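Here are the chains, one letter per residue:
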Amino acid sequence: MLGDFEVVAGVEVHAELATKTKIFCGCTTEFGGEQNTHVCPVCLGLPGVLPVLNRQVVEYAIKTGLALNSEIAEFSKFDRKNYYYPDLPKNYQTSQYDLPICLGGYVEIEVDGVKKRIGITRVHMEEDAGKLVHSGATISTSDVSFVDYNRTGVPLLEIVSEPDLRSVDETVAYLEKLVQILDYIEVSDCRMEQGSVRFDVNVSLRPKGSDKFGIRTETKNLNSFSSVRRCMEYEIERQAEILSEGGQVIQETRTWDEGKGITLSLRSKEEAHDYRYFPEPDLVPMVIERKWVERVRESMPELPDSRRQRLLGLGLSAYDAGVITSSRDLAEFFDQALAKFKDAKTLANWVMGDFLGLLKAKGLLVQSSPVKPEGLAELLTLVENGTISGKIAKTVIGEMFETGKGAAEIVKEKGLVQISDTSALAGIIDEVVNSNPQSVADFKAGKERAIGFLVGQVMKETKGQANPGLVNKLLKEKLETM
Amino acid sequence: MDLTQLTAHELSDLLARRETSAVELVKAFSDRIDQVEENVKAFNILTRDKALEQAAKLDDKLARGEKPGPLEGIPMALKDNMCTKGVPTTCSSKILKSFVPPYNATVVERLAQAGSIMLGKLNLDEFAMGSSTENSAFAKTRNPWDLERVPGGSSGGAVASVSADEVVFALGSDTGGSIRQPAAFCGVVGLKPTYGYVSRFGLIAFASSLDQIGTLTKDVTDCALVMNVIAGHDPKDSTSAPVDKPDFTKSLINDIKGMRIGIPREYFGVGIDPEVDKVIRQAIAKLEELGAVVEECSLPHTEYAMPTYYLIAPAECSSNLARYDGVRYGYRAPESGDVVGMFKKSRAEGFGPEVKRRIMLGTYALSSGYYDAYYLKALKVRTLIKQDFDQAFEKFDLLLSPTAPTPAFKFGEKSANPLAMYLSDICTVPANLAGIPAISVPCGFADGLPVGLHLMGKAFDEGTLLRVAYTFEQNTDYHKVKPSLGVK
Ligand SMILES: [Zn+2]
């Protein structure tokens, strides 16, 4: 389908910042709430009100810039972006135009084992708009529309990439990585289902080998990776069809119809808004002191890439390291457990296996897990020092999820302590050997595997509480004397 | 003794000595309003019941022996573009006729804390755009000195109410001369403070980078007293200067010996009325006699001030007034179809012609393709105008000019010609562009109409302005002459 064309894409990401209050007033940024209850005269744009910048927003923008390898501007200002829409109480959005807080930077992605740097053009701060609820399908076909201004003034970062993306996979990898970084540095909740991260995707095609850009379309307001993937696939096919028939793509803004899986024209270049940007006279320009930037730099958490490298250094597989660092919460969980239980590979196996499995089965997030990092470390220590067997441990972790009790407590209550007492095991071993002459004969005849059956029988007799290593050793000694 | 003719400091003395009461004051001014308001038409709304309640409470306090603060119990009123909780705030516009703010402007809070008593809200040119108050959607306020003439604008109601003794003082706002030009036309003292000295929170914006709330008083002492209450940093206004406020009354010194006063020749150019010129020259001679050192000087970019102002102010206005769309509050045109129709019709019916003109000018100046040639260039010229002042203030303590090139003009005289109207602010606009303080004080009469002396000072140096204005006032009697409230 793509034929001789090459994809050129760039993305604008809007991420709501996780500040407690809005960007220019003291209202809460909490999601939901009765309509128009998280509002005040300032975010409602009543006559005569003035904005006061939330310093935390600037700090989060600096943090993001540092994480994206951007240059943090020494001098930055806000501008007004003027356009009329009922969800915008002042009919202008306070945003940043020619002097954004962060310039340049990059995100490193890996697709099919190939690493690539995707350039960041800029990062700027702005305020979110409200939400419209229509009685019909759209604002123009509805008898009534309602506006909820709870979201108005929630701080946003707009992160603009260079047109460096050359495929759908690269685009999705870039977005996943970007969201992962925002999550790591804790500037955004990244709750995509609540619309706290939104994507505008620019796509164009050009003949392979060409260094000129083709005519692009921009599809606005996608809110999941899968929508981005489907939308891009659709848009690439649409444009390829036009171009291969000798036609021309129209430069325009399009919208994504999730249900139908198609993009639709929203407005052409000619109909594009003239936003009449000008410096926001109600806010003073910002001089961002280097001391501040350095303080933020010192407080930066370890980012996904370096964390992944560290885990690889501990002997984890690339796959395991990737899964564990995929979210900050899981990576934090792993590190906290690792502080108490040093065998990284064993820990990784448990985290990736039983822990994530049980979480998923219960529909829980890492941070709400009843099993804490210390709890998992305690359990694995019991296995390591031979108190319980690995098999028993699997039962114990299930119990831990159910009851929230500690590993040692459960082991003690249920009497699950492994039998490591030679004398206690000798009698059982004698019994098993006596009642399984055929297996004994097989072993004697050189069938080493027969011992496995005998070990299994001993474990069965001890309800799994015997130390399998010890049983193995004692059995061998017994058989050799026979 | 007619209480309504007295100043705030005189009335405060009477209150302190219990020779009058707050209720008596409210009643006296209320009677005066009944007597003259029909001719003056200064008020959009009166709040006399609330005022009486407040006055009665204060009198209880005074009866317990407490001493009143300097503005406590003093009747005043506010230009109707300052938000007052629970009291309609209209900007004299149809579009905000029904708007009742749920909060107070910072200046309103500060005056309330000081115990001043608000008698009502005062007429203005719609959204403070105009120089005659003829652009009000509600009424034409008249000049108490000649009822056939305009009071000036845009704070026409505020100035007329003080001039006609309907209140002791008023607050106005000044974007290009809206306090000083009408103060000159009606013979009162009008101060536009340094940009950032008085909080703009709750002042309904016309042009944010130029708007400044200021005082309209019967003398310079009252001006200092009101500034003591309203000036000072406000965390709700990011452009409010983080400076300590002095006691402005400390500047009321009757001595200007050695004070260096510059006379910028560009302010005495074409268009200045010969009678006004004569009165100003006499005032200059008076200041010299009092010991000031006066010298002519030049502010070379003055001729660009008007075009600069008429790009920056409308540009900001076009954005500031975008919020009046009929969605949340204010006027919504009925039967307007879809949402775009509602925007268009509500704004078309809600705004008057001058406001529309400025929204169009500003929208044009900010449009892509025109931005660099108009708005951006205006910002650069604004910097040059500031530099003119910086240079002049290296040599002079303050600069002097007429407040307006002519005395008050007749209704309709300039309303058909917007450019002629704009030129009545030619002497006042540069101070707004530079953000510096400027005051207009009565300095004589031209053909029986008041003339204002305009003094411009360094940023945050209101002290020098007050000192010179006070000295001039102490050595002249122009501020004591009362208007006839008749027709000349
Ligand atoms: Zn708010």
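Along each chain, residues carry numbers from 1 onward, in the same order as the chain's sequence is written. Following the order in which they are written, the chains are lettered starting with A and the ligands numbered starting with 1. Residues qualify for local features only when their pLDDT is at least 70, as the model is predicted, and side-chain atom pairs are given and counted only at 80 or more; totals for whole chains, interfaces and linings, by contrast, use all residues.

Chemist: Which parts of the structure should I look at to understand the overall build of chain B?
Modeler: Secondary structure assignment for chain B yields 15 helices and 11 strands. By principal-axis analysis of the C-alpha atoms, chain B measures approximately 65 × 55 × 45 Å. Taken across its 488 residues, chain B has 60% of its residues classed as buried. Whether two residues are in contact depends on their C-beta atoms, placed from the backbone: they are in contact if these lie within 7 Å. For chain B, contacts bridging at least 24 residues in sequence account for 76% of all contacts bridging at least 6. Counting from the N terminus, the helices are the DSSP runs of H or I reaching at least four residues and the strands are the DSSP runs of E reaching at least two. A residue is called partly exposed when the number of other C-beta atoms within 10 Å of its own lies between 12 and 20, exposed at 12 or fewer, and buried at 20 or more, with C-beta atoms placed from the backbone.

Chemist: How should I be thinking about the overall build of chain A in this particular structure?
Modeler: Of regular secondary structure, chain A possesses 15 helices and 17 strands. Taken over C-alpha atoms, the radius of gyration comes to 30 Å for chain A, far larger than the 23 Å a tight globule of 482 residues would show. Dimensions along the principal axes, computed over C-alpha positions, put chain A at roughly 95 × 55 × 50 Å. Of all 482 residues assigned to chain A, the portion counted as buried reaches 39%. Atoms considered for the radius of gyration are the C-alpha atoms alone. The globule rule reads 2.2 Å times the number of residues to the power 0.38.

Chemist: Whenever I open this one, the domain arrangement of chain A confuses me. Can you help?
Modeler: In many reports, interface size means the accessible area that the parts give up when they come together. All names here are of chain A. Here chain A is partitioned into domain 1 (5-292), domain 2 (302-413) and domain 3 (422-481). Across the boundary between the two partners, domain 1 contributes 6 residues, which contact 6 residues of domain 2. In terms of residue count, the dominant contributor to the side of domain 1 that touches domain 2 is helix 2 (residues 168-184) (4 residues). All residues other than Ala, Val, Leu, Ile, Met, Phe, Trp, Tyr, Cys, Pro, Asp, Glu, Lys and Arg, Gly among them, are scored as polar; the first ten of these are nonpolar and the last four charged. By residue class, the composition of the side of domain 1 that touches domain 2 is 3 nonpolar, 1 polar and 2 charged. As annotated, the domain borders come from an automatic or database domain assignment.

Chemist: Please clarify how the interface of chain B and chain A should be interpreted in this entry.
Modeler: With 36 residues of chain B at the contact, the number on the chain A side is 28 residues. Sorting the residues of the side of chain B that touches chain A by element identifies helix 9 (305-320), helix 10 (339-350) and helix 11 (353-366) of chain B as the ones contributing at least two each. Residue contributions to the side of chain B that touches chain A peak at 3 residues, all from helix 9 of chain B. When the residues that make up the side of chain B that touches chain A are grouped by side-chain class, the tally is 19 nonpolar, 9 polar and 8 charged.

Chemist: How should the sheet that holds strand 10 (residues 438-446) of chain B be read in this particular structure?
Modeler: Hydrogen bonds between backbone atoms are what pair the strands of a sheet, whose relative direction is either parallel or antiparallel. Residue and element names in this part refer to chain B. Reading across the sheet, the 11 strands line up as 1-3-2-4-6-5-10-11-9-7-8 and stay open at both edges, with mixed pairing between neighbours. The open sheet is flanked by strand 1 (43-46) and strand 8 (293-297), the only strands paired with a single partner. On average, each strand axis in the sheet is tilted by 30° relative to the strand beside it, whichever way the strands run. Between any two strands, at least two bridges found by DSSP are needed for them to pair. For strand 1 and strand 3 (residues 117-122), the ladder comprises 3 bridges, and the chain directions are antiparallel. Across the sheet, the residue bridging to Leu46 is Gly120, located in strand 3. Sheet strands touched by helix 7 (residues 220-230): strand 4 (169-174), strand 5 (189-192), strand 6 (212-217) and strand 10. Its angle to strand 6, the strand with the most contacts, is close to 145°. Only the stretch in contact is used when a helix axis is fitted, and all axes are lines through C-alpha atoms; the angle between N-to-C directions ranges over 0 to 180 degrees.

Chemist: How should the packing of helix 8 (residues 344-362) of chain A against helix 10 (residues 390-403) of chain A be read in this particular structure?
Modeler: How two helices sit against one another is set out by the angle between their axes and by the gap between those axes. Residues and elements named next belong to chain A. Put simply, helix 8 and helix 10 touch, their axes get as near as 11 Å, and they point 35° apart. Of the two elements, helix 8 crosses helix 10, and the hand of that crossing is right-handed. Listed contacts from helix 10 to Asp354, Leu358 and Lys362 of helix 8 are Lys394, Ile397, Gly398 and Phe401. Partitioned by chemical class, the residues of the contact of helix 8 with helix 10 number 3 nonpolar, 1 polar and 3 charged. Crossing handedness follows the turn of the near helix against the far one: under a right angle anticlockwise gives a left-handed crossing, and clockwise gives a right-handed one.

Chemist: Would you mind showing me how to read unusual backbone geometry here?
Modeler: Excluding glycine, a negative phi dihedral is what most residues carry, and trans is how most peptide bonds are arranged. All names here are of chain B. Of note, the amide linkage connecting Gly153 to Ser154 takes the cis form, showing an omega dihedral of 5°. Within the secondary structure, Ser154 is located in the loop between strand 3 and helix 5 (156-163). For Phe127, which is not glycine, the phi torsion reads 55° and is therefore positive. Inspection of the secondary structure assignment puts Phe127 in the loop between strand 3 and helix 5.

Chemist: Any chance you could explain helix 7 of chain B here in plain terms?
Modeler: Since one α-helical turn is 3.6 residues long, residues separated by three or four positions face the same way. A large share of helix 7 of chain B lies buried, amounting to 11 of its 11 residues. Two residues or fewer past helix 7 of chain B, Gly232 of chain B is found with a positive phi of approximately 115°.

Chemist: Would you explain the environment of Thr462 of chain A in this entry?
Modeler: Here Thr462 of chain A lies in the loop between helix 14 (450-461) and helix 15 (468-481). Since 18 C-beta atoms lie within 10 Å of it, Thr462 of chain A is described here as partly exposed.

Chemist: I keep staring at the sheet that holds strand 16 (residues 278-279) of chain A and nothing clicks. Help me out?
Modeler: All names here are of chain A. In space, the 3 strands of this open sheet follow the order 5-4-16, with antiparallel pairing throughout. Since the sheet does not close on itself, it has two edges, and those belong to strand 5 (92-95) and strand 16, each with one partner. Sheet topology note: the strand 4 (residues 79-82)/strand 5 ladder contains 4 bridges and is antiparallel. Across the sheet, Asn82 pairs through a bridge with Tyr92, a residue of strand 5.

Chemist: Help me understand the nonpolar core, please; the structure alone is not making it clear to me.
Modeler: Note on soluble globular proteins: their nonpolar side chains tend to be buried together. In terms of nonpolar packing, the biggest core is built from 214 residues, with Ala61 of chain A together with Ala170, Leu455 and Ala469 of chain B touching the most fellow members. If we skip the residues at most four places from it in the chain, Ala170 of chain B touches Met76, Ala77, Leu78, Lys79, Leu122, Ala158, Ser161, Val162 and Leu216 of chain B. Each nonpolar core reported here comprises buried Ala, Val, Leu, Ile, Met, Phe, Trp, Tyr and Cys residues connected via C-beta atoms within 7 Å. By size, the runner-up hydrophobic cluster in this structure holds 33 residues, among which are Leu330, Phe333, Phe341 and Phe355 of chain A.

Chemist: It is not clear to me how the confidence of the model for chain B should be interpreted in this structure. Could you clarify?
Modeler: Detailed reading of the predicted model is not advised wherever pLDDT is low. Within a predicted model, pLDDT stands for the predictor's per-residue confidence, ranging from 0 to 100. Taken residue by residue, chain B gives an average pLDDT of 96. The fraction at 70 or more is 100%. For this predicted complex, the interface confidence comes out at an ipTM of 0.96, alongside a pTM of 0.89.

Chemist: For this particular structure, what's the right way to read the pairing of strand 1 (residues 5-16) of chain A?
Modeler: The side chains of a regular strand alternate between the sheet's two faces. Residue and element names in this part refer to chain A. Both strand 1 and strand 12 (residues 197-207) contribute to a ladder of 11 bridges, which runs antiparallel. The residue of strand 12 that forms the bridge with Val7 is Leu205. Judged from the 5 bridges that link them, strand 1 and strand 11 (residues 155-161) form a sheet pairing that is antiparallel. Residue Glu12 lies in a different strand from strand 11, and its bridge partner there is Val160.

Chemist: For this particular structure, what's the right way to read the environment of Phe199 of chain A?
Modeler: Residues and elements named next belong to chain A. With respect to the element layout, Phe199 can be found in strand 12. Given 26 C-beta atoms within a 10 Å radius, Phe199 is considered buried. Taking the C-alpha atoms as reference points, Phe199 and Val160, separated by 39 residues in sequence, lie 10.0 Å from one another. Phe199 has contacts with Val11, Val13, Leu175, Leu222 and Val228, leaving out every residue within four places of it along the chain.

Chemist: Sorry, what's going on with helix 15 (residues 462-474) of chain B here?
Modeler: Residue and element names in this part refer to chain B. Expected span of a helix: the number of residues minus one, times 1.5 Å. Taking 1.5 Å of rise per residue, 13 residues should cover 18 Å, and helix 15 covers 18 Å from first to last C-alpha, within 8% of that figure. Burial within helix 15 is extensive, with 10 of its 13 residues counted as buried. If you check which residues of helix 15 are buried, you get Glu462, Leu465, Leu466, Arg467, Val468, Ala469, Tyr470, Thr471, Phe472 and Glu473. On its buried face, helix 15 sits against helix 7, helix 8 (274-289), strand 9 (398-402), strand 10 and strand 11 (449-457).

Chemist: Looking at this structure, I do not really get the environment of Asp442 of chain A. What am I missing?
Modeler: All names here are of chain A. The residue Asp442 is located in helix 13 (residues 437-444) in this model. Sequence-wise, Asp442 and Asp430 are 12 residues apart; in three dimensions their C-alpha atoms are separated by 17 Å. In this structure Asp442 touches Lys447 and Ala450, once residues within four positions along its chain are discounted.

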